[in-house]
Amino acid sequence: MIYVMECGPIFHRSRECWLAFSVDTNNRQVKSRVMQRRDDARREVARELKDARASCCASLAEFGSQYGWRVEPVPQTVHALAAQTLVGLVNQETLGALAFSAAGEVWLRACAIFVGAAPWQQFSTHTPLSVTFSNDPGSTRVLLVGGTLGRPPSLSILPDLAAYERSKSKRGDDDGLGDAFILALDPRPGVVSEMVGLAFEEAFHPRVLRLEDGSPREMTEMELLQVAAALAAVASLTSGRPIGRAVLDGLEAIVVPMTSETSLRS
(Lines give C-alpha, C1' and ligand atoms only; values in the text may rest on other atoms or scores of the structure.)
Protein backbone atom coordinates (compact mmCIF):
# COMPACT_ATOMS: atom_id res chain seq x y z
CA MET A 1 0.00 0.00 0.00
CA ILE A 2 1.17 3.51 -0.81
CA TYR A 3 0.37 6.17 1.78
CA VAL A 4 0.77 9.91 1.24
CA MET A 5 1.23 12.36 4.09
CA GLU A 6 2.25 15.98 4.68
CA CYS A 7 3.76 17.78 7.69
CA GLY A 8 4.49 21.42 8.36
CA PRO A 9 5.39 24.06 8.53
CA ILE A 10 8.89 23.33 9.85
CA PHE A 11 12.13 25.31 9.77
CA HIS A 12 14.72 23.72 7.51
CA ARG A 13 17.97 25.57 6.76
CA SER A 14 16.51 28.69 8.39
CA ARG A 15 13.47 28.67 6.08
CA GLU A 16 9.86 27.75 6.72
CA CYS A 17 9.08 24.65 4.66
CA TRP A 18 6.55 21.88 4.14
CA LEU A 19 7.27 18.17 3.91
CA ALA A 20 5.15 15.93 1.69
CA PHE A 21 6.03 12.28 1.18
CA SER A 22 4.77 8.91 0.06
CA VAL A 23 5.56 5.58 1.70
CA ASP A 24 5.23 2.13 0.19
CA THR A 25 4.37 0.25 3.38
CA ASN A 26 5.39 -3.07 1.80
CA ASN A 27 9.06 -2.15 1.33
CA ARG A 28 9.27 1.12 3.38
CA GLN A 29 10.43 3.02 0.30
CA VAL A 30 9.98 6.75 0.89
CA LYS A 31 9.71 9.51 -1.69
CA SER A 32 9.72 12.95 -0.10
CA ARG A 33 9.79 16.59 -1.07
CA VAL A 34 10.64 19.58 1.12
CA MET A 35 9.57 22.91 -0.35
CA GLN A 36 8.71 26.38 0.83
CA ARG A 37 5.24 26.26 -0.72
CA ARG A 38 2.87 23.60 0.59
CA ASP A 39 1.14 23.15 -2.76
CA ASP A 40 4.47 22.69 -4.53
CA ALA A 41 5.47 19.87 -2.17
CA ARG A 42 2.09 18.19 -2.68
CA ARG A 43 2.25 18.45 -6.45
CA GLU A 44 5.79 17.06 -6.65
CA VAL A 45 4.85 13.95 -4.68
CA ALA A 46 1.70 13.48 -6.79
CA ARG A 47 3.75 13.84 -9.97
CA GLU A 48 6.16 11.10 -8.84
CA LEU A 49 3.31 8.75 -7.98
CA LYS A 50 1.70 9.32 -11.38
CA ASP A 51 -1.43 7.13 -11.50
CA ALA A 52 -0.52 4.79 -8.64
CA ARG A 53 -3.33 3.96 -6.21
CA ALA A 54 -2.74 5.54 -2.82
CA SER A 55 -4.27 6.41 0.52
CA CYS A 56 -3.64 9.71 2.27
CA CYS A 57 -3.99 11.62 5.52
CA ALA A 58 -7.07 13.77 6.19
CA SER A 59 -5.39 17.10 5.36
CA LEU A 60 -4.85 15.86 1.79
CA ALA A 61 -8.49 14.85 1.24
CA GLU A 62 -9.44 17.64 -1.15
CA PHE A 63 -6.10 17.74 -2.97
CA GLY A 64 -5.85 13.96 -3.24
CA SER A 65 -9.36 13.46 -4.58
CA GLN A 66 -8.24 14.58 -8.04
CA TYR A 67 -5.74 11.69 -8.05
CA GLY A 68 -8.11 9.12 -6.60
CA TRP A 69 -6.43 9.03 -3.19
CA ARG A 70 -8.58 7.68 -0.36
CA VAL A 71 -8.41 9.11 3.16
CA GLU A 72 -7.30 6.42 5.63
CA PRO A 73 -5.93 6.50 9.20
CA VAL A 74 -2.17 7.00 9.32
CA PRO A 75 -0.40 3.61 9.81
CA GLN A 76 2.00 3.47 12.75
CA THR A 77 4.92 2.70 10.44
CA VAL A 78 4.19 5.93 8.56
CA HIS A 79 4.11 7.90 11.83
CA ALA A 80 7.57 6.54 12.67
CA LEU A 81 8.97 7.36 9.22
CA ALA A 82 7.44 10.85 9.36
CA ALA A 83 9.01 11.47 12.76
CA GLN A 84 12.43 10.31 11.56
CA THR A 85 12.20 12.46 8.45
CA LEU A 86 11.22 15.60 10.37
CA VAL A 87 13.92 15.05 12.99
CA GLY A 88 16.43 14.44 10.22
CA LEU A 89 15.54 17.67 8.46
CA VAL A 90 15.94 19.84 11.56
CA ASN A 91 19.18 18.06 12.54
CA GLN A 92 20.63 17.61 9.07
CA GLU A 93 24.02 19.17 9.80
CA THR A 94 24.66 16.74 12.66
CA LEU A 95 22.85 13.57 11.59
CA GLY A 96 23.00 13.66 7.81
CA ALA A 97 21.71 10.40 6.31
CA LEU A 98 21.94 8.69 9.74
CA ALA A 99 18.59 10.22 10.69
CA PHE A 100 16.87 7.94 8.18
CA SER A 101 18.80 4.79 9.12
CA ALA A 102 18.04 1.98 11.57
CA ALA A 103 20.43 3.66 14.03
CA GLY A 104 18.34 6.84 13.76
CA GLU A 105 15.22 4.96 14.82
CA VAL A 106 17.08 3.27 17.70
CA TRP A 107 18.27 6.70 18.87
CA LEU A 108 14.77 8.20 18.75
CA ARG A 109 13.32 5.29 20.74
CA ALA A 110 16.09 5.75 23.33
CA CYS A 111 15.22 9.46 23.54
CA ALA A 112 11.61 8.52 24.27
CA ILE A 113 12.70 6.08 26.99
CA PHE A 114 14.83 8.83 28.55
CA VAL A 115 11.97 11.35 28.51
CA GLY A 116 9.56 8.80 29.98
CA ALA A 117 11.96 7.97 32.83
CA ALA A 118 12.52 11.70 33.65
CA PRO A 119 16.04 11.25 35.12
CA TRP A 120 16.40 15.01 35.65
CA GLN A 121 14.17 14.55 38.71
CA GLN A 122 17.03 12.58 40.34
CA PHE A 123 20.18 13.92 38.68
CA SER A 124 21.37 17.29 37.42
CA THR A 125 24.40 18.97 35.91
CA HIS A 126 25.71 19.24 39.48
CA THR A 127 25.53 15.44 39.96
CA PRO A 128 27.55 14.02 37.07
CA LEU A 129 27.39 10.38 36.02
CA SER A 130 30.10 8.25 34.48
CA VAL A 131 29.58 6.06 31.42
CA THR A 132 31.66 3.35 29.80
CA PHE A 133 30.95 1.70 26.45
CA SER A 134 31.77 -1.89 25.52
CA ASN A 135 33.51 -0.79 22.32
CA ASP A 136 35.82 1.52 24.32
CA PRO A 137 36.21 -0.14 27.74
CA GLY A 138 39.35 1.79 28.72
CA SER A 139 37.64 5.18 28.56
CA THR A 140 35.25 6.64 31.15
CA ARG A 141 33.21 9.65 30.06
CA VAL A 142 31.06 12.08 32.01
CA LEU A 143 27.30 12.48 31.56
CA LEU A 144 25.34 15.57 32.56
CA VAL A 145 21.55 15.34 32.84
CA GLY A 146 19.51 18.52 32.48
CA GLY A 147 15.83 19.38 32.69
CA THR A 148 15.21 21.56 35.76
CA LEU A 149 14.35 25.25 36.22
CA GLY A 150 12.22 25.36 33.09
CA ARG A 151 14.93 24.03 30.81
CA PRO A 152 14.19 21.19 28.36
CA PRO A 153 15.37 17.66 29.20
CA SER A 154 18.92 17.16 28.01
CA LEU A 155 21.96 14.92 28.09
CA SER A 156 25.56 15.97 27.48
CA ILE A 157 28.48 13.60 27.09
CA LEU A 158 31.93 14.99 27.91
CA PRO A 159 35.20 13.11 27.32
CA ASP A 160 36.51 13.19 30.91
CA LEU A 161 36.35 14.82 34.33
CA ALA A 162 38.72 17.62 33.28
CA ALA A 163 36.27 18.69 30.58
CA TYR A 164 33.48 18.65 33.16
CA GLU A 165 35.49 20.88 35.50
CA ARG A 166 36.18 23.30 32.66
CA SER A 167 32.47 23.40 31.80
CA LYS A 168 31.77 24.58 35.36
CA SER A 169 34.36 27.35 35.23
CA LYS A 170 33.21 30.92 35.61
CA ARG A 171 35.38 32.23 32.80
CA GLY A 172 32.45 32.21 30.42
CA ASP A 173 34.24 30.43 27.60
CA ASP A 174 33.41 27.11 25.92
CA ASP A 175 36.57 25.21 26.84
CA GLY A 176 34.58 22.52 28.63
CA LEU A 177 32.54 21.85 25.52
CA GLY A 178 35.38 21.58 23.03
CA ASP A 179 34.64 17.88 22.59
CA ALA A 180 31.08 16.88 23.46
CA PHE A 181 27.71 15.49 22.48
CA ILE A 182 24.84 17.78 23.44
CA LEU A 183 21.23 16.62 23.16
CA ALA A 184 18.15 18.68 24.06
CA LEU A 185 14.63 17.24 24.00
CA ASP A 186 12.27 20.20 23.87
CA PRO A 187 8.78 19.15 25.02
CA ARG A 188 6.98 22.28 23.76
CA PRO A 189 4.13 21.70 21.28
CA GLY A 190 5.05 21.85 17.62
CA VAL A 191 4.94 19.89 14.39
CA VAL A 192 8.07 17.85 15.19
CA SER A 193 7.20 17.09 18.83
CA GLU A 194 3.63 16.15 17.88
CA MET A 195 4.80 13.68 15.23
CA VAL A 196 7.46 12.20 17.52
CA GLY A 197 4.77 11.75 20.17
CA LEU A 198 2.49 9.90 17.76
CA ALA A 199 5.34 7.61 16.73
CA PHE A 200 7.13 7.01 20.04
CA GLU A 201 4.52 7.86 22.73
CA GLU A 202 6.57 10.73 24.20
CA ALA A 203 6.32 14.19 22.62
CA PHE A 204 9.61 16.09 22.22
CA HIS A 205 11.62 17.96 19.62
CA PRO A 206 15.19 16.58 19.64
CA ARG A 207 18.17 18.73 18.76
CA VAL A 208 21.59 17.10 18.78
CA LEU A 209 25.04 18.63 18.38
CA ARG A 210 28.44 16.97 18.02
CA LEU A 211 31.37 19.22 18.90
CA GLU A 212 34.99 18.42 18.13
CA ASP A 213 37.71 20.96 18.89
CA GLY A 214 34.91 23.41 19.58
CA SER A 215 33.35 23.11 16.11
CA PRO A 216 30.19 21.23 15.02
CA ARG A 217 30.62 18.18 12.83
CA GLU A 218 28.50 15.30 11.54
CA MET A 219 28.12 12.26 13.80
CA THR A 220 29.16 8.72 12.91
CA GLU A 221 26.81 5.76 13.26
CA MET A 222 28.73 4.43 16.28
CA GLU A 223 28.58 7.81 17.99
CA LEU A 224 24.82 7.96 17.49
CA LEU A 225 24.48 4.46 18.96
CA GLN A 226 26.64 5.50 21.93
CA VAL A 227 24.32 8.44 22.63
CA ALA A 228 21.32 6.11 22.35
CA ALA A 229 22.87 3.54 24.70
CA ALA A 230 23.78 6.26 27.20
CA LEU A 231 20.21 7.58 27.17
CA ALA A 232 18.75 4.14 27.81
CA ALA A 233 21.30 3.34 30.54
CA VAL A 234 20.57 6.61 32.38
CA ALA A 235 16.86 5.81 32.17
CA SER A 236 17.47 2.39 33.74
CA LEU A 237 19.36 4.05 36.60
CA THR A 238 16.18 5.88 37.67
CA SER A 239 14.65 2.59 38.87
CA GLY A 240 16.85 2.71 41.97
CA ARG A 241 19.52 0.36 40.71
CA PRO A 242 23.12 1.17 41.67
CA ILE A 243 24.17 0.67 38.05
CA GLY A 244 22.37 1.68 34.87
CA ARG A 245 22.83 -0.66 31.91
CA ALA A 246 21.59 -0.83 28.33
CA VAL A 247 22.52 -2.89 25.28
CA LEU A 248 21.51 -1.53 21.88
CA ASP A 249 22.56 -3.22 18.64
CA GLY A 250 25.30 -5.08 20.52
CA LEU A 251 26.71 -1.93 22.14
CA GLU A 252 26.61 -1.93 25.94
CA ALA A 253 26.62 1.20 28.10
CA ILE A 254 27.21 1.14 31.87
CA VAL A 255 26.28 4.26 33.86
CA VAL A 256 26.98 4.91 37.54
CA PRO A 257 26.81 8.03 39.75
CA MET A 258 30.22 9.67 39.86
CA THR A 259 31.50 9.33 43.42
CA SER A 260 34.82 10.72 44.62
CA GLU A 261 36.45 7.35 44.00
CA THR A 262 35.25 7.06 40.41
CA SER A 263 36.19 10.71 39.86
CA LEU A 264 39.76 10.00 40.91
CA ARG A 265 39.95 7.01 38.60
CA SER A 266 38.75 9.19 35.70
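Residues numbered from 1 in each chain as written. Predicted model: local features only at pLDDT ≥ 70, side-chain atom pairs only at ≥ 80, totals over all residues. Heavy atoms only, no water.

K.L.:
What is the right way to look at the overall build of the chain in this model?
P.N.:
On a plain count of helices and strands, the chain comes out with nine helices and 13 strands. Against the 2.2 N^0.38 benchmark of 18 Å for 266 residues, the chain shows a C-alpha radius of gyration of 20 Å, consistent with a compact globule. Counting only C-alpha atoms, the chain reaches 70 × 35 × 30 Å along its principal axes. Counting the 266 residues in the chain, one finds 49% classified as buried. In the structure as shown, the chain presents an accessible area of about 13200 Å², 50% of it carried by carbon and sulfur atoms. One way to put it: in the chain the 27 positive side-chain charges average out to a point 2 Å from where the 31 negative ones average out. (Helix = DSSP H or I, 4+ residues; strand = E, 2+ residues; numbered from the N terminus. Rg over C-alpha atoms; globule rule 2.2 N^0.38 Å. Buried < 20%, exposed > 50% of the residue type's maximum accessible area, 1.4 Å probe, protein only. Areas by Shrake-Rupley, 256 points an atom, 1.4 Å probe, with all protein chains shown as cover. Lys, Arg positive; Asp, Glu negative; His and termini not counted. Charge placed at Lys NZ, Arg CZ, Asp CG, Glu CD.)

K.L.:
Mind showing me how you'd approach the environment of Ala184 here?
P.N.:
Topologically, Ala184 is positioned in strand S9 (residues 180–186). Ala184 sits in the partly exposed class, given a relative accessible area of 26%. In the structure, Ala184 is positioned 29 residues away from Asp213 in sequence and 20 Å away in space, judged by C-alpha atoms. With sequence-adjacent residues up to four places away left out, Ala184 is seen in contact with Pro153, Ser154, His205, Pro206 and Arg207. (Contact = heavy atoms within 4.5 Å.)

K.L.:
Explain the sheet that holds strand S7 (residues 136–146) here, please?
P.N.:
Whenever strands of a sheet pair, they do so through backbone hydrogen bonds, lying parallel or antiparallel. Sheet architecture is open: eight strands sit in the order S11-S10-S9-S8-S7-S6-S13-S12, paired in antiparallel fashion. Edge positions in the open sheet fall to strand S11 (215–216) and strand S12 (244–248), since each of these has one partner strand only. Bridge count between strand S8 (residues 154–158) and S9: four bridges; the pairing is antiparallel. Each residue of the ladder has a partner; that of Ile157, found in S9, is Phe181. (Pairing = 2+ DSSP bridges.)

K.L.:
Mind showing me how you'd approach the packing of helix H3 (residues 76–90) against helix H7 (residues 191–200) here?
P.N.:
When two helices pack together, you describe them by how their axes are tilted relative to each other and by the distance separating the axes. At a minimum axis distance of 8 Å, the contact between H3 and H7 shows a crossing angle of 145°. The handedness of the crossing between H3 and H7 is left-handed. Only Val191, Val192, Met195, Val196, Leu198, Ala199 and Phe200 of H7 make contact with H3, whose side of the interface consists of Gln76, His79, Ala80, Ala82, Ala83, Leu86, Val87 and Val90. Partitioned by chemical class, the residues of the contact of H3 with H7 number 13 nonpolar, two polar and no charged. (Axes fitted to C-alpha atoms, helices over the stretch in contact; angles between N-to-C directions. Left-handed = near helix turned anticlockwise from the far one by under 90°. Nonpolar A, V, L, I, M, F, W, Y, C, P; charged D, E, K, R; others polar.)

K.L.:
Sorry if this is basic, but what is going on with unusual backbone geometry here?
P.N.:
Among all residues except glycine, the phi angle is most often negative; among peptide bonds, the trans geometry is most common. In this structure, the amide linkage connecting Gly8 to the following residue, Pro9, adopts the cis form with an omega of -5°. Here Pro9 lies in strand S1 (residues 2–12). Positive phi, normally seen in glycine, also occurs at Ala118, with a value near 50°. Take Ala118: it is sitting in the loop between helix H5 (102–117) and strand S6 (129–133). Judged by relative accessible area, which is 11%, Ala118 ranks as buried. Despite not being glycine, Asp249 shows a phi value in the positive range, around 50°. Tracing the backbone through its elements, the reader meets Asp249 in the loop between S12 and strand S13 (251–257).

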